[in-house]
Amino acid sequence: MTRRVASAFLVVALVAAWYLTLPPASASLPVTGGDIPARGVIHVHTRRSDGTGTVDDIAAAAARAGLSFVVLTDHGDGTREPESPAYRSGVLCIDAVEISTNGGHLVALGLGKAPYPLGGEPRDVVDDVTRLGGMSVPGHPGSNKPELRWNDWAIPFDGLEWLNGDSEWRDESAATLARVLLAYPARGAEALAMVLDRPDEILRRWDALTRQRRVVAIAGSDAHARLGLRTLGEPYDRSAAFPLPGYGEVFRTFSISLPQLKLTGNAVSDAAAVLAEIRAGRVYSTIDALARPAQLSFTASSADVHLTMGEEHHARGPVTIHAATNAPGGVELRLLKDGAVTATIRDVTLEQTVPPDPAVYRVEVMLPGAPGQPAVPWIVSNPIYLRAPGPIRDPSLRPAPTRVAVQYGNGSAAGWRIEKSERSSAALDVIGAVGGTQLLMRYAISGAMTDAPFVAFVMPPGQELPDNDRLIFNARADHPMRLSVQLRAAQGAALERWQRSVYVDQTPRTIAVFFDDMHPVATTSSQQPPLDRIESVLLVVDTVNTKPGTSGQMWIDDVKYAR
Ligand SMILES: [Zn+2]
Ligand SMILES: [Zn+2]
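What you see is a predicted model, and the numbers here were worked out from it, not measured in a lab. (Residues numbered from 1 in each chain as written. Chains lettered and ligands numbered in written order. Predicted model: local features only at pLDDT ≥ 70, side-chain atom pairs only at ≥ 80, totals over all residues. Heavy atoms only, no water.)

**Student:** In this structure, what is going on with the coordination of the zinc ion (ligand 1)? I would like to understand it.
**Tutor:** When a metal holds four donors in a tetrahedron, each ideal angle between them is 109.5 degrees; when it holds six in an octahedron, the ideal angles are 90 or 180 degrees. Coordination of the zinc ion (ligand 1) by the protein is provided by E98 (OE), H105 (ND1) and H140 (NE2), with metal-donor distances spanning 1.9 to 2.2 Å. Of note, the zinc ion (ligand 1) draws all its donor residues from one chain, in the sequence arrangement E-x6-H-x34-H. Separating the zinc ion (ligand 1) from the zinc ion (ligand 2) is a gap of 3.3 Å, bridged by E98, which donates to each. Both residues of the pair, E98 and H105, count as buried. (Donors = N, O, S within 2.8 Å, 3.2 Å for Na, K, Ca; no water. Buried < 20%, exposed > 50% of the residue type's maximum accessible area, 1.4 Å probe, protein only.)

Next comes the structure, spelled out in structure tokens:
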């Protein structure tokens, strides 16, 4: 045998061995009754932030993947005017934004142009997105990277990413990633699906939340088409990167289906309809790299109500839950009640009659041979919520105060002063108001970030602070803004601060800031402010929510402590 023949044999053997390690190609499924649901992907980065594709590139890739819509979520602070929805390559392109908070990333859908930069604490960004009419969805909430993880699960966000394409590869071994790279050129989407797992922790958190309130779960692609070279795989590495994995391959890996969506061809009304379906929870996620197109119907009916996915109701009599899919053989349908599997059936339909007691039901469909430890579900539905009769109580409401101690009512602003960065300017004046005086605070924060721009209006703490649990004041501003209310204490030679950011606009309103609701600014020696050692109360305007180089004014009155 010549050397040439031997090498040829070796090449053939290697190719055969490589071929045998490839993940199976996605199964093509028959469509059983009804239309194929409109499918799309959410959480896609373009060249406007850290993606490598233009909107047109992305739309073309989505069209080739058989998608009806893509939701673009470039990084931003909400102050960029979103592009109008448009059909490109026959795919509806909807513009949205991914906002970095100091406790994780928030995907905000259906948001217009924000009047000031959105940022800071997750609770403030969710509050702003809600006020602006948007839907807030924590992105990659369970990321392996601590700075990308979502850290506040107690606030009323509307949805969450139960699966995130950028999180999933981060917990894989080098051996698995090597297999993905080897398989990628032949079967891109199937290769990418090799890193998927069932994210137990996030699903557990979701199931805990839905017992209290509706929360929509969706799979977020987090497509960048960028692999950083210097920081090993970091899509945020802007210096040198591969345009991998490609948008098309990511779009074929998994998607979301909106079974009740009817597209008309009018981009504006269709975009509103897509967002309305997602908001309503009439959405399920499918791992298309395993089998496609996936269909799921999931309903609950009793004598008096008929519920579909996402709906919340009180039923009076027994409820029949029905789930059906077009799955291939060997499928396993799991019905979950309050997060625990309550029925498993190896069939394509499941029917179960349950009492009308409060419970949250959802479906996971498992395919044999699915990747992951534990295996990733092929389909994840949104829940149907059976609730107790009567209104749902809001636990965040606090009792009205029974005692107050006035700090500023009328007259001079004794003891008040201004602190500011060198190149910012500010003025504090006492001006007339109905029945007395009020404080006029004017600020112009510097445009030079090297100045660390800020302005703070500083009030002496007074004697009564430690005996109270909140600060109350009336406020109005010349334009919508956020004001950071802070308590400051000396800790050795250093000063430590705790803050609660509040929204202020042209409408006068009474604002209450509870001291136990304040969060540390940077690192502090205690989680809560030490009320007996507070040296100043500050009303701060800084670049967290104010554009450098801008100015404005606020009117503050009736400042008091209360309990
Ligand atoms: Zn992100
Ligand atoms: Zn992202």
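There's more to say after this.
**Student:** Just to check I follow, could you spell out the sheet that holds strand β16 (residues 306-308) for this structure?
**Tutor:** Strand pairing in a sheet takes place through backbone hydrogen bonds and is either antiparallel or parallel in direction. Ordered by their spatial adjacency, four strands build an open sheet running β16-β15-β18-β21, and the pairing between neighbours is antiparallel. Bordering the open sheet on either side are β16 and β21 (349-354), each of which pairs with just one other strand. Here the average twist between neighbouring strands, direction ignored, is 15°. Here strand β15 (residues 296-301) pairs with β16 via three bridges, running antiparallel. Within β16, the residue paired with S301 across the bridge is H306. (Pairing = 2+ DSSP bridges. Helix = DSSP H or I, 4+ residues; strand = E, 2+ residues; numbered from the N terminus. Axes fitted to C-alpha atoms, helices over the stretch in contact; angles between N-to-C directions.)

**Student:** In this structure, what is going on with the nonpolar core? I would like to understand it.
**Tutor:** Nonpolar side chains in soluble globular proteins tend to be buried together. Residues V70, F157, L160, W162, F251, F298 and W378 are the most contacted members of the largest nonpolar core, which totals 92 residues. The leading source of residues in this core is helix α2 (residues 55-64), at five residues. Grouped together as the second largest cluster of nonpolar side chains are 35 residues, M441, L471, V502 and L539 included. (Core = buried A, V, L, I, M, F, W, Y, C linked by side-chain atoms within 4.5 Å.)

**Student:** Just to check I follow, could you spell out the coordination of the zinc ion (ligand 2) for this structure?
**Tutor:** For the zinc ion (ligand 2), the protein coordination sphere consists of H43 (NE2), H45 (NE2), E98 (OE) and D222 (OD), at 2.1 to 2.3 Å. Classification of the site at the zinc ion (ligand 2) rests on its four donor atoms, whose angles at the metal span 78 to 164°, yielding the label irregular. Sequence spacing of the donors to the zinc ion (ligand 2): H-x1-H-x52-E-x123-D. Using a relative accessible area of 0% as the deciding quantity, one classes H45 as buried. (Tetrahedral: all angles 85-135°; square planar, octahedral: opposite > 155°, others 65-115°.)

**Student:** In this structure, what is going on with the packing of aromatic side chains? I would like to understand it.
**Tutor:** Describing an aromatic ring pair means giving the distance of the ring centres and the angle of the ring planes. Taken as a whole and assessed by the stated rule, the structure comprises five aromatic pairs. Where F515 meets Y561, the ring centres are 6.2 Å apart and the plane angle is 65°; that geometry is what we call edge-to-face. A residue pair is termed long-range when its members are at least 10 positions apart, and F515 in the loop between β33 (509-514) and β34 (519-521) and Y561 in strand β36 (residues 551-562) qualify at 46 residues. The burial state of F515 is the same as that of Y561; both residues are buried. Through a chain of ring-to-ring contacts, the aromatic side chains of W150, W153 and F157 assemble into a single cluster. Looking at R213, its charged tip hangs above the ring of F157, at a distance of 5.1 Å from the centre. (Phe/Tyr/Trp six-rings, centres within 6.5 Å; stacked < 30°, edge-to-face > 60°. Lys NZ or Arg CZ within 6 Å of the ring centre and 35° of its normal.)

**Student:** How should I be thinking about the sheet that holds β34 in this particular structure?
**Tutor:** With antiparallel pairing, six strands are arranged side by side in an open sheet as β26-β29-β35-β31-β32-β34. Pairing within the sheet leaves two strands with one partner each, and these edge strands are β26 (417-420) and β34. Each neighbouring strand pair of the sheet contributes to a mean axis angle of 35°, computed without reference to strand direction. Strand direction decides the pairing type here: strand β31 (residues 481-491) and strand β35 (residues 534-542), joined by six bridges, are antiparallel. Its bridge partner lying in β35, V485 is registered against L539. In the packing of helix α3 (residues 122-131) onto the sheet, contacts are made with β31, β32 (494-504) and β34, and the angle to β32 comes to roughly 10°. (Contact = heavy atoms within 4.5 Å.)

**Student:** Looking at this structure, I do not really get α2. What am I missing?
**Tutor:** The set of residues buried in α2 consists of V55, I58, A59, A61 and A62. Down the axis of α2, the sector holding all buried residues measures 165°, keeping them to one side. Tucked into the core, α2 has its buried residues touching β2 (38-44), β3 (69-75), β4 (86-88), β5 (91-101) and α8 (247-253). G66 sits one or two residues past α2 and shows a positive phi near 80°. (Arc of directions from axis to C-beta.)

**Student:** What's the story with the pattern of salt bridges in this structure? I'm lost.
**Tutor:** Pairs can form between side chains of opposite charge whenever their charged atoms are close. On inspection of all chains with the given rule, the structure shows 36 salt bridges. Taking the shortest distance from any N to any O, the salt bridge between E201 and R205 comes out at 3.3 Å. A residue pair is termed a helical-turn pair when its members lie 3 or 4 positions apart in one helix, as E201 and R205 do in helix α7 (residues 200-210) at four residues. Since its relative accessible area comes to 34%, R205 is described here as partly exposed. (Salt bridge = Lys/Arg side-chain N within 4 Å of Asp/Glu carboxyl O.)

**Student:** Hey, could you run me through the environment of D158 in this one?
**Tutor:** Topologically, D158 is positioned in the loop between β7 (135-138) and β8 (159-164). When neighbours within four sequence positions are excluded, D158 is seen to be in contact with G134, M135, S136, R214, V215 and V216. Of the polar contacts made by the side chain of D158, one reaches the backbone nitrogen of S136; its length is 2.8 Å. (Polar contact = N/O pair within 3.5 Å; in protein donor to acceptor, adjacent residues only side chain to side chain.)

**Student:** Hey, could you run me through unusual backbone geometry in this one?
**Tutor:** Both trends apply: most residues other than glycine have a negative phi, and most peptide bonds are in trans. Going from R292 to P293, the amide bond is cis rather than trans, its omega being -10°. Going from Q373 to P374, the amide bond is cis rather than trans, its omega being -10°. Here P374 is to be found in the loop between β22 (359-366) and β23 (379-380). With a phi angle near 75°, H43 is a residue other than glycine that sits in the positive phi range. Tracing the sequence through the fold places H43 in strand β2. For D558, which is not a glycine, the phi torsion comes out positive at approximately 50°.

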